[in-house]
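Given next are the chains, with one letter for each unit.
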There are 2 protein chains.
Amino acid sequence: MPLLNSDQLNQAARNLPMWTVDAGALQRSFEFRDFVAAMQFVNAVAALAEQHGHHPDIDIRYNQVLIRTWSHDSGGVTERDFRLAQAVDSTVSQ
Amino acid sequence: MPLLNSDQLNQAARNLPMWTVDAGALQRSFEFRDFVAAMQFVNAVAALAEQHGHHPDIDIRYNQVLIRTWSHDSGGVTERDFRLAQAVDSTVSQ
């Protein structure tokens, strides 16, 4: 799958205002009321990852979770990452 | 809770041969057959963390999981971290 060019990245960024592109990956940090709520989110993301066949890096820091997705085979951000990011956003109230 | 001194760290390391102390934290990386198995482990660790009232950092990289524990209030590794590490080891076949 081709990498997104800068126009496509900018357009996608408007649809995903809470996400940033950093070092070739699309990432967002989420904060929850406690660890249990954070783990519920992590499990929802894990289910989405299996559905999409696309697995982000997930860093858990008590009530904070960093999701970071890129396309290893393409070496950067592709349409697959944006689809996954949109699905992740749909699991939270923003 | 007091930090462990170097003698205590060495003794504890013998009981936890797969763990290393790095930058003031006790850590171990675990590898599983796939992401689903990794997530089962993460959920087991999460349950232990709640039981112990002590929550490690958890980094998920597809089938690899890094567990990193230290005692924030003490600024390093204490007995609590070793107890949690031993409990985490008990969930896997080493």
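See the structure above.
Scoring rules and cut-offs
Residues numbered from 1 in each chain as written. Chains lettered and ligands numbered in written order. Predicted model: local features only at pLDDT ≥ 70, side-chain atom pairs only at ≥ 80, totals over all residues. Heavy atoms only, no water. Contact = heavy atoms within 4.5 Å. Buried area = accessible area lost by both parts, 1.4 Å probe. Salt bridge = Lys/Arg side-chain N within 4 Å of Asp/Glu carboxyl O. Polar contact = N/O pair within 3.5 Å; in protein donor to acceptor, adjacent residues only side chain to side chain. Helix = DSSP H or I, 4+ residues; strand = E, 2+ residues; numbered from the N terminus. Pairing = 2+ DSSP bridges. Least-squares fit on C-alpha atoms with pLDDT ≥ 70 in both. Phe/Tyr/Trp six-rings, centres within 6.5 Å; stacked < 30°, edge-to-face > 60°. Buried < 20%, exposed > 50% of the residue type's maximum accessible area, 1.4 Å probe, protein only. Axes fitted to C-alpha atoms, helices over the stretch in contact; angles between N-to-C directions. Left-handed = near helix turned anticlockwise from the far one by under 90°. Nonpolar A, V, L, I, M, F, W, Y, C, P; charged D, E, K, R; others polar.

S.K.: Would you take a moment to explain the interface of chain A and chain B for this structure?
M.R.: Frequently, the measure chosen for interface size is the accessible area removed from exposure when the parts meet. Each partner contributes residues to the interface: chain A has 16 residues there, and chain B has 16 residues. Taken together, both faces of the contact between chain A and chain B bury some 1,400 Å²; the carbon and sulfur share is 62%. Along the contact surface separating chain A from chain B lie 4 salt bridges. Linking B:Arg61 and A:Asp59 is a salt bridge whose minimum nitrogen-to-oxygen distance equals 2.8 Å. Scanning the region where chain A abuts chain B turns up 7 residue pairs in polar contact (both at pLDDT 80 or more). Contributions of two or more residues to the side of chain A that touches chain B are made by α2 (35-52) and β3 (57-61) of chain A. Counting residues per element, the side of chain A that touches chain B draws most heavily on α2(A), at 8 residues. With 3 bridges connecting them, β3(A) and strand β3 (residues 57-61) of chain B associate as antiparallel partners. Across the sheet, residue A:Asp59 finds its bridge partner in β3(B), namely B:Asp59.

S.K.: How should the relation of the copies chain A and chain B be read in this particular structure?
M.R.: Mapping between the two chain copies consists of a rotation about an axis together with a translation along that axis. Mapping chain A onto chain B is achieved by rotating through 180° and translating by 0.0 Å along the same axis, at an RMSD of 0.0 Å. Overall, the copies show the geometry of a two-fold rotation axis. Within chain A, A:Asp59 has its C-alpha nearest the rotation axis, a separation of 2.2 Å. A shared interface surface links the copies, since 100% of the contact residues of chain A are contact residues in chain B too.

S.K.: Help me understand the packing of aromatic side chains, please; the structure alone is not making it clear to me.
M.R.: Two aromatic rings, taken as a pair, are described by how far apart their centres are and by the angle between their planes. Residues and elements named next belong to chain B. For the coordinates displayed, the defined rule picks out 8 aromatic pairs over all chains. Note on Trp 19 and Phe 30: the rings are 6.1 Å apart at their centroids and 75° apart in plane angle, and the pair reads as edge-to-face. Highlighted residues: Trp 19 in the loop between α1 (6-15) and β1 (20-22) and Phe 30 in strand β2 (residues 25-31), separated in sequence by 11 residues. Grouping residues by exposure puts Trp 19 and Phe 30 together as buried.

S.K.: Teacher, can you tell me more about unusual backbone geometry here?
M.R.: All names here are of chain A. Although it is not a glycine, Tyr 62 sits at a positive phi angle of roughly 55°. Tracing the backbone shows Tyr 62 in the loop between β3 and β4 (64-69). With a relative accessible area of 37%, Tyr 62 lands in the partly exposed category.

S.K.: What is the right way to look at the packing of helix α2 (residues 35-52) of chain B against helix α3 (residues 79-89) of chain B in this model?
M.R.: For any two helices packed against each other, one specifies the crossing angle of their axes together with the interaxial distance. All names here are of chain B. Direction vectors running N to C along α2 and α3 enclose 145°, while the axes themselves pass 10 Å from each other. Relative to α3, α2 is oriented so that their crossing is right-handed. Contacts from Phe 41, Val 45, Leu 48, Ala 49 and His 52 in α2 reach Arg 80, Arg 83, Leu 84, Ala 87 and Val 88 in α3. Residue composition of the contact of α2 with α3, by class: 7 nonpolar, 1 polar and 2 charged.

S.K.: I would appreciate a short explanation of the sheet that holds β3(B) in the present structure.
M.R.: Sheet strands pair via backbone hydrogen bonds, and the direction of the pair is either parallel or antiparallel. Read across the open sheet, the 8 strands follow the order β1(A)-β2(A)-β4(A)-β3(A)-β3(B)-β4(B)-β2(B)-β1(B); overall the sheet is antiparallel. The open sheet has two free edges, formed respectively by β1 (20-22) of chain A together with β1 of chain B, since each of these has just one partner strand. In this sheet, adjacent strand axes meet at a mean angle of 25° when their direction is disregarded.

S.K.: Got a minute to help me understand the pattern of salt bridges in this structure?
M.R.: Note that side chains of opposite charge can pair when their charged atoms are close. Applying the stated criterion across every chain, the model contains 8 salt bridges over all chains. One salt-bridge network, in which partners are shared between bridges, spans A:Asp57, A:Asp59 and B:Arg61.

By themselves, these figures tell us nothing about what the structure is for.
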